[in-house]
Amino acid sequence: MGDGNSTVAAVQRALEVLHTTVGKLSQEYGDTLGIRRLVSDVARLSDDLAELGPPDPHHRPGPVPEELEEIPDVEYDASMWTDAEHEGFGAPDRRAP
């Protein structure tokens, strides 16, 4: 796992390059809707990065146990499959032409 500060710094550098590159595109394309959206998107990304603050030292990536649903290892009630069609075979009382 990398250092949070160096990761944020790397993202900040990438955003600076993106900002500069979008500025060059703006010179080529002029003030178009697409350019205005790109400028807005880069600004929003910079704002979002600034809002993150320092990383939580206790954060560990991975699933949150409360979000996991346990599926029991028992047989399903056979009545649940009554009148069900087998995928690829169709209904049991029908025949292919």
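Since we're looking at a predicted model, the values are computed, not measured.

Engineer: Provide a residue-level description of the overall build of the protein, including the pertinent values.
Structural biologist: For the protein, the helix and strand inventory stands at 2 helices and 0 strands. Looking at the protein residue by residue over its 97 residues, the buried ones come to 6%. For the protein, the exposed area adds up to about 9100 Å²; of that, 56% sits on carbon and sulfur atoms.

Engineer: Run through helix α2 (residues 33-52), naming residues and quoting values.
Structural biologist: Compared with an ideal rise of 1.5 Å per residue, which puts 20 residues at 28 Å, α2 spans 29 Å between its outermost C-alpha atoms and is within 8% of the ideal. Turning to α2, its buried residues number three or more, namely Ile35, Val42 and Leu49. Each buried residue of α2 sits inside an arc of 55° when the element is viewed along its axis, so together they form one side. Opposite its buried face, α2 presents the exposed residues Arg37 and Glu51, each directed more than 90 degrees away. Positive phi appears at Gly53, one or two residues downstream of α2, with a value of about 70°.

Engineer: For the pattern of salt bridges, give the residues involved together with the corresponding values.
Structural biologist: Within the structure shown, the criterion is met by 2 salt bridges. The salt bridge partner of Arg36 is Asp31, with a shortest N-O separation of 3.6 Å. Judged by relative accessible area, which is 44%, Arg36 ranks as partly exposed. Take Asp31: its relative accessible area is 62%, and that puts it in the exposed class. Ionic pairing is found between Asp48 and Arg44, a salt bridge with its closest N-O pair at 3.5 Å.

Engineer: A description of a nonpolar patch on the surface should follow, citing residues and the corresponding values.
Structural biologist: A cluster of nonpolar side chains, contributed by Ile71, Tyr76, Met80 and Trp81, occupies part of the molecular surface with about 520 Å² of accessible area. Along the chain, Trp81 falls in the segment after α2.

Here is what the cut-offs are and how they apply
Residues numbered from 1 in each chain as written. Predicted model: local features only at pLDDT ≥ 70, side-chain atom pairs only at ≥ 80, totals over all residues. Heavy atoms only, no water. Helix = DSSP H or I, 4+ residues; strand = E, 2+ residues; numbered from the N terminus. Buried < 20%, exposed > 50% of the residue type's maximum accessible area, 1.4 Å probe, protein only. Areas by Shrake-Rupley, 256 points an atom, 1.4 Å probe, with all protein chains shown as cover. Expected span 1.5 Å × (residues − 1). Arc of directions from axis to C-beta. Salt bridge = Lys/Arg side-chain N within 4 Å of Asp/Glu carboxyl O. Patch = residues over 30% accessible without salt bridge, like charges linked within 9 Å, V, L, I, M, F, W, Y side chains within 5 Å.

Purely geometric numbers; function is a separate question.
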